[in-house]
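Structural description and commentary
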Amino acid sequence: MRYIILPLLLIFFIVSEIYTFIAVKEAAKSRWFHWAYLAVTLLIIAYIVYSFTQFDRRQGQTRQTLFTIGLLLLTVVPKLLVTIVMLGEDIVRVFSGTIRAFSGQTGQPFFAERRRFVSLAALGVAAVPFLSLLYGVTEGKYHFKVRKKTLTFPDLPDAFDGFTITQISDVHSGSFDDKEKIEHAIDLINEQKTDIVLFTGDIVNTHAKEMHPWIDTFKRIHTPAFGKYSVLGNHDYGEYVPWPTEAEKQANFNAIKDLHRQIDFKLLLNEHIKLHKDGQEIALVGVENWGHNFKKAGDLNKASGALGKDDFKILMSHDPSHWDLEVQHDPRHYQLTLSGHTHGFQFGIEIPGFIKWSPVQYVYKQWAGLYNNLGRYIYVNRGFGFHAYPGRVGIWPEITVLTLKKG
């Protein structure tokens, strides 16, 4: 398959570069500008090729790979749109030339001249994703949003009426590059002054050492009356890079688990604890990662123990596919599940009341925000950090505040 895909990608890149250069030539007549465009393009291509040749799978994602992917998207996506517009013009030119040839209009050339306004339109269309992606990698990735929801449950114990939860997810600390912005996000978390703070997995991209520069920063998250709890995500198992030995992989995994202790979070590993208030209680259940297409270390039966249908339960499970495939159908009736994982693809359009779209919705049925099935809720956090693409466009990093109400 790769012998088919790689040549096709190469052809696409060549065609897109040709069409974009044609559009640039039509839009700007200065030869110096043309040469400058070609020089910059060649430098970018050379850097991207060099970066990919230097990629070390043992290290996984690094800041250099993040930068390279961001640069690649900034280059490819706008040129794709230019190519679509310019190719559309060429199809029209071929169609028109064919009609003229068959109608006997031999006095005109087969190909009509290119229209400058089409080239300008192509570049104008391309400017939208270019500027959006540029904003995403410079500001969007740290454009933190506090999203608040009130959820009503008929079986919520009276003592927990008004109980508040702050949820964060998908920290991916190895991707951070701005301490001031992260500290601002921690301040936002502390400003919510909720009863409990919950973190639903992916503290790193791969290696425990990624979190070391950020331990003191995340330790600043205040410990509220009911504590701070966390679970593991798929990236916390170190399974996306090769390890010299199984022992080194296990040592990294142990170190990742200990990171939660170092930032004063209690890591729940297929277990539950009871939260007590005024003689009543609710259960907080935490499972290890369970994903349809990812590691299935989560054990719902083990985590729940003797809990039954009548116990009010908050479940932390990193991957929302767990809720979709197992949790929502479980006879124990998990009233509320908190997940993350999808990041909302870090790209999409969200206008409350009008549109909510992201490519990730074609992979995950529950991908961002609140979903409900017969009184069983799941909230999917859009993620605190970022991974792969070093930015966010339209799907902003999230701090969730949930209020539980009796009713």
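Please read these numbers as outputs of a predicted model, since none were measured by experiment.

Thresholds, definitions, all that
Within each chain, residues carry numbers counting from 1 in the order of the written sequence. Where totals are concerned, whole chains, interfaces and linings use all residues; where local detail is concerned, this predicted model gives features only for residues with pLDDT of at least 70, and gives and counts side-chain atom pairs only at 80 or more. Hydrogens and water molecules were not included; the side-chain quantities draw on all heavy atoms of the structure. In this scheme, strands are said to pair when DSSP sees at least two bridges between them. Per the convention used, a helix needs a DSSP run of H or I reaching at least four residues, while a strand needs a run of E reaching at least two, with both numbered from the N terminus. In this analysis, two residues are considered to be in contact whenever any of their non-hydrogen atoms come within 4.5 Å of each other. All axes here are fitted lines through C-alpha atoms, helices being fitted over the stretch that makes contact, and every angle between N-to-C directions spans 0 to 180 degrees. Each cavity reported here is a set of points on a 1 Å grid over the protein atoms alone in which a 1.4 Å probe fits but cannot get out, each pocket an open set with protein on both sides within 12 Å along at least five of seven lines, and each lining residue one with an atom within 4 Å of a point. Grid points are joined across faces, edges and corners, and a volume is the space filled by probe spheres set on the points. Residue polarity is assigned by list, with Asp, Glu, Lys and Arg as charged and Ala, Val, Leu, Ile, Met, Phe, Trp, Tyr, Cys and Pro as nonpolar; anything else, Gly included, falls into the polar class. We define a salt bridge as a side-chain nitrogen of Lys or Arg found within 4 Å of a carboxyl oxygen belonging to Asp or Glu. Using a 1.4 Å probe on the protein chains alone, a residue whose accessible area is under 20% of its type maximum counts as buried, one over 50% counts as exposed, and one in between counts as partly exposed. Residue types Ala, Val, Leu, Ile, Met, Phe, Trp, Tyr and Cys, when buried and joined through side-chain atoms within 4.5 Å, form a set referred to as a nonpolar core. Orient the strands so they point away from the viewer, and a crossover whose first-strand-to-second-strand path over the helix runs clockwise is right-handed.

A few points about the sheet that holds strand β1 (residues 145–153)
In space, the six strands of this open sheet follow the order β1-β14-β2-β3-β4-β5, with mixed pairing throughout. The open sheet is flanked by β1 and β5 (266–267), the only strands paired with a single partner. The pairing of β1 with strand β14 (residues 398–406) spans nine bridges and is parallel. Of the residues in β14, the one forming a bridge with Lys148 is Val401. Packing of helix α5 (residues 179–191) onto the sheet brings it into contact with β1, β2 (163–168) and β14, and relative to β14 it is tilted by some 10°.

Things to note about empty space enclosed by the protein
Counted by the stated rule, this structure contains one cavity of 30 Å³ or more. If you add up the space inside the largest cavity, you get close to 30 Å³. Forming the walls of the largest cavity are Ile168, Val171, Phe199, Ile203, Met211, Phe218, Ile221, Ile263 and Phe265. Of the residues belonging to the lining of the largest cavity, the class tally is nine nonpolar, no polar and no charged.

Observations concerning the pattern of salt bridges
Pairs may arise between side chains of opposite charge once their charged atoms sit close together. Counted under the stated rule, the structure contains 17 salt bridges. Note that Lys181 and Glu139 form a salt bridge whose closest N and O atoms lie 3.6 Å from each other. Within this pair, whereas Lys181 is found in helix α5, its partner Glu139 is found in the loop between α4 (116–138) and β1, the two being separated by 42 residues in sequence. Overall, Lys181 belongs to the partly exposed group, its relative accessible area being 25%. We note a salt bridge from Glu398 to Arg382, for which the minimum N-O separation is 3.0 Å. Of this pair, Glu398 sits in strand β14 while Arg382 sits in the loop between β13 (376–380) and β14, placing them 16 residues apart in sequence. Glu398 sits in the buried class, given a relative accessible area of 0%. The exposure class of Arg382 is buried, given its relative accessible area of 3%.

Let's talk about the nonpolar core
By size, the foremost hydrophobic cluster in this structure holds 28 residues, and its most contacted members are Phe176, Met211, Phe218 and Phe384. Of all elements in the fold, only α5, β3 (196–199), α6 (215–219) and α7 (246–262) reach the threshold of two or more residues within this core. Examining the composition of this core, we find that five residues originate from one element, α5, more than from any other. With residues near it in sequence (within four places) discarded, Phe176 still touches Arg63, Tyr142, Val171, Ile182, Trp214, Phe218, Phe384, Gly385 and Phe386. Grouped together as the second largest cluster of nonpolar side chains are 26 residues, Phe153, Phe312, Ile314 and Tyr379 included.

Side note on the pairing of strand β9 (residues 336–339)
Residues Leu336 and Leu338 line one face of β9 and the alternating positions Thr337 and Ser339 line the opposite face, and both faces are buried. Where strand β8 (residues 313–316) and β9 come together, three bridges link them in parallel fashion. The residue of β9 that forms the bridge with Met316 is Leu338. As for the winding sense of the linkage, the β-α-β connection from β8 through helix α9 (residues 320–325) to β9 is right-handed. In this structure, β9 lies alongside β13, joined through four bridges in parallel fashion. In the strand pairing of β13, Leu338 is matched with Tyr379.

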